[in-house]
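# Structural characterization, general
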Amino acid sequence: MSAYTAPDFMKSVIDNRYFSYSSFMDVLNMVLDNEPSSSTQMIELGKSVLEIPIYGLTLGSGKHKILMWSQMHGNESTTTRSLLMFVDWFLKSELQSKFKLYIIPVLNPDGLSHWTRENANNIDLNRDAQNLSQPESQLLRSVFDTFKPDYCFNLHDQRTIYGIPSGSHAVQCSFLSPAANQNRDVTPARIKAMSIINHMVGSINENAISQIGRYGDGFNANCVGDTFQALGTPTILFEAGQSDEDYYRNKTMELITLSLQSAIKFIEENNKINDEEVITSYNSISAIETNYCDVLIKNVPSGRKNVDLSIMYKEVLKDNLLHFVPILSGVNDIKVVNAHRVIDLKSDKDQIDFEISVNQKFISNNLDICIFY
Ligand SMILES: [Zn+2]
């Protein structure tokens, strides 16, 4: 599949991990204005805790109904950017007559503004599927109940800690057909979701920097995806991750756009699936493990021996810019087997100039590890 090229007017939003909600909505409205369609509708669904409007966008007039929501975790914007590209592509495609899409591009606008995972009441919306204690959770559930989707796409970013089990490669993005019960039984809804995931992985692999993974499937009824899957609607968790130095996740954003395109083409083709083959193929996607860090500095002299230091970047929003602050996260951490960047001081001993401050902030000019944005 050929990669989609985004028009220039999107760049103010898609070139950044952090963008303002209003600039995102402006660009989304430009996309819609460029391809007017009688079936396109933007609805104000309700308001966030801080009284910010949350929008639902319906597109297309076909029979396959898909509900997609992104940024329920406010600091996970990669898939939201992918949605801009996907919507633009969809409106130019023939698929409008085959699908009815219901898209909530930013479910947690308060979290987006403050770059927090949680909403303004400090609640993780993806642990609120049973309690439905928050306005954002109630709103998503009411769209699910009234729209009655055939499929759900639950769009997220994952942290930079994931690699394949051997640790030889990072996981650039991962997918999951969430469990529908504690036993993690393979229900009909799960199989349908698995078949779409298999197809997506097959179509994006050649464009990936590293590996595509399968997210862990422990059941938690408080998670929205698990709940919708349990209600019988095939649901897919998308996790946009990071590889190498792609900290703005631009390459991953393209990969997620391709995944969305290939998913709906697959649904439209309505291929017969063989359950056993689907399960085998799904299980052959590499599981993900928490065995990566951002920067691993090996062989740092410490007394008579050498130690390995793991550094994680902490994302800090300051003056409307996202800063990546290096923080010491571990010394000889046995869980860490690889990193997006590895520096071995054995081969370059004279480059030791670093400083670790009281709050574990790690600064080194010679090693070129400093705060960046
Ligand atoms: Zn998330």
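## Side note on the overall build of the protein
Summing up its helical and strand segments, the protein has nine helices and 16 strands in all. In terms of overall dimensions, the protein has C-alpha extents of about 70 × 50 × 40 Å along its principal axes. Of the contacts made within the protein by residues no fewer than 6 positions apart, 75% connect residues no fewer than 24 positions apart.

## Digging into the domain arrangement of the protein
For the protein, the domain assignment lists domain 1 (8–290) and domain 2 (293–363). A straight line from the C-alpha centre of domain 1 to that of domain 2 covers 32 Å. Residue-level contacts link 16 residues of domain 1 with ten residues of domain 2. Taken together, the residues of the side of domain 1 that touches domain 2 break down into five nonpolar, eight polar and three charged.

## Quick look at the sheet that holds strand S8 (residues 211–214)
The strand order S1-S2-S4-S3-S5-S9-S7-S8 describes an open sheet built from eight strands, whose pairing is mixed. Where the open sheet ends on each side, the last strands, each with one partner, are strand S1 (41–47) and S8. With direction set aside, neighbouring strand axes in the sheet form an average angle of 20°. Note: strand S2 (residues 53–59) against strand S4 (residues 99–104), three bridges, orientation antiparallel. Looking across to S4, one finds that Leu 57 is bridged to Ile 103.

## Quick word on helix H6 (residues 188–204)
The periodicity of an α-helix, 3.6 residues per turn, causes residues three or four positions apart to be oriented the same way. For H6, with 17 residues, the first-to-last C-alpha span of 25 Å sits near the 24 Å given by 1.5 Å per residue. Of all the 17 residues making up H6, 13 are buried; the element is thus mostly covered by neighbouring parts of the structure.

About the cut-offs
- Residues numbered from 1 in each chain as written.
- Predicted model: local features only at pLDDT ≥ 70, side-chain atom pairs only at ≥ 80, totals over all residues.
- Helix = DSSP H or I, 4+ residues; strand = E, 2+ residues; numbered from the N terminus.
- Contact = placed C-beta atoms within 7 Å.
- Domains from an automatic or database assignment.
- Nonpolar A, V, L, I, M, F, W, Y, C, P; charged D, E, K, R; others polar.
- Pairing = 2+ DSSP bridges.
- Axes fitted to C-alpha atoms, helices over the stretch in contact; angles between N-to-C directions.
- Expected span 1.5 Å × (residues − 1).
- Buried ≥ 20, exposed ≤ 12 C-beta atoms within 10 Å, placed from the backbone.

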